[in-house]
Amino acid sequence: LAMRLYRSETTRSSDTADTLLKRLGVIDPQAAAYLRADAQAQSALLGRAGRNVTAEVNERQGLLKLSARWSPVDDGTFKRLTIEKTVSGFRSQVETLPLVANTRLASGVINSSLFAATDDARLPDSIATQIAEIFSGDIDFHRALRKGDRFSVVYETLEGDGEPMRAGRVLSAEFVNAGKPFQAMWFKDPVAPGKGGYYTLAGESLRRAFLASPLEFSRVTSGFKMRFHPILQTWRAHLGVDYAAATGTPVRSVGDGTVDFAGMQGGFGNVVMVKHRNNQTTVYAHLSRINVKKGQNVSQGQNIGAVGATGWATGPHLHFEFRVNGVHHDPLTIARQSEAVPVSTAAKPLFDKAAQSVRAQLATAAQLTPGSAE
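Because the structure is predicted, anything quoted here is derived from the model rather than measured.

Rules used in this analysis
Residues numbered from 1 in each chain as written. Predicted model: local features only at pLDDT ≥ 70, side-chain atom pairs only at ≥ 80, totals over all residues. Heavy atoms only, no water. Buried < 20%, exposed > 50% of the residue type's maximum accessible area, 1.4 Å probe, protein only. Helix = DSSP H or I, 4+ residues; strand = E, 2+ residues; numbered from the N terminus. Pairing = 2+ DSSP bridges. Contact = heavy atoms within 4.5 Å. Phe/Tyr/Trp six-rings, centres within 6.5 Å; stacked < 30°, edge-to-face > 60°. Lys NZ or Arg CZ within 6 Å of the ring centre and 35° of its normal.

A.B. asks: I'm lost on the pairing of strand S11 (residues 241–244) in this one. Help?
C.D. replies: On a regular strand, one side chain projects to one face of the sheet and the next to the other, so that they alternate. With burial as the criterion, each face of S11 is covered, one bearing Val241 and Tyr243 and the other bearing Asp242 and Ala244. Note that S11 and strand S19 (residues 317–324) share 4 bridges and pair antiparallel. Paired with Asp242 across the strands is His319, a residue of S19.

A.B. asks: Would you mind going over the environment of Ala167 with me for this structure?
C.D. replies: As for its placement among the helices and strands, Ala167 is situated in strand S8 (residues 163–177). As for Ala167 and Leu5, which are separated by 162 residues in sequence, their C-alpha atoms are 30 Å apart. If we skip the residues at most four places from it in the chain, Ala167 touches Pro124, Ser126, Ile127 and Glu156.

A.B. asks: Just checking my understanding: could you explain the environment of Ser172 for this structure?
C.D. replies: Relative to the assigned elements, Ser172 resides in strand S8. A sequence separation of 20 residues divides Ser172 from Ser152, and the C-alpha atoms of the two residues are 8.5 Å apart. If sequence neighbours within four positions are ignored, Ser172 has contacts with Ser152, Val153, Val154, Ala184, Met185, Val358 and Leu362.

A.B. asks: Explain the packing of aromatic side chains here, please?
C.D. replies: Each pair of aromatic rings is reported with the distance of its centres and the angle of its planes. Inspection of every chain in the model, using the stated rule, returns 12 aromatic pairs. For the ring pair Phe141 and Phe175, a centre distance of 5.1 Å and an interplane angle of 75° mean the geometry is edge-to-face. Linking Phe141 in the loop between helix H5 (125–134) and strand S7 (150–160) with Phe175 in strand S8, this pair joins segments that are 34 residues apart in sequence. With respect to burial, Phe141 and Phe175 carry one shared label: buried. Relative to Phe322, the ring of Phe210 lies with its centre 4.9 Å away and its plane at 85°, an arrangement referred to as edge-to-face. Of the two residues, Phe210 sits in the loop between strand S10 (197–199) and S11 while Phe322 sits in strand S19, which places them 112 residues apart along the sequence. Following the ring pairs from residue to residue traces out a cluster consisting of Phe115, Phe135, Phe141, Phe151, Phe175 and Phe217. Of note, Arg169 hangs over the ring of Trp186, and the distance from its end group to the ring centre comes to 3.6 Å.

Dropping the structure here:
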């Protein structure tokens, strides 16, 4: 029986037909010539970084079959390129096939940052970002994370031929921040119209009137630590919150409202003020760019500008205030207090049943050695 050897590699942007085949342990001038000439191999492999390729070779290191998979668009499919040796030479084909959803569990403990912990748990960045977004009404991930905080997560992974292609949605998660547990599960209310959302396990929606932070939490913003206002020790009306971030970092409105002011204002530099209901106003100062106009309606999470260092700012940061009737309040307290919408009464039995299995899954995830995923 002829020997068949299998070897997998990841493509690099600098790959030529020869370097890619060499890494795959293939010594086959005909195969290299075919890869150079074939349009599908050109567009799918050469010069494309990060694609997984598997080669099947005979005992003389000649190529029998080469296959690669990737998922270019988020539409539930993946593409598979196969280059196979036939009696009449090589032939190639590209197929579009359905991705298969699989569930994975992971847990982690925060020692330095959320992303260091999710990297240890081998979680994709998009899952880490989703966790931060899900709990964004309860935890300010820029300022409130503590060493020893921990998380458990159940998420979907979309696979092609058993190989993870892209991360799907977080199905449920628990985050313990400063000893206080927060839990979430994805649920689509079959009674209420619209798309699904995240709820506490008791059935309260996690979509709040206000987000805890005006900056989205990402790998880029997570490395910035807080800093204080060194210019004007005397400028004591400084009752907001400062977020250090790179110039150009997007700033979002923490709630629905109307732009009350957009322009230059003294020490604030470029500033946007958004009026919300119940005499609540949010202030976003020192912006490098303003993306809204006075009188414009904005919705929660909408981009209103970018971090900068205009006005009395020594370096790029966002100065953020939450005022109620002109009086300063802690944004996190306001976010946590904003009313939560419960699951409809009709859907509650179905929800409770789902929540029961979520509890069991999160408990299993929490027992995994932190930093491991399964």
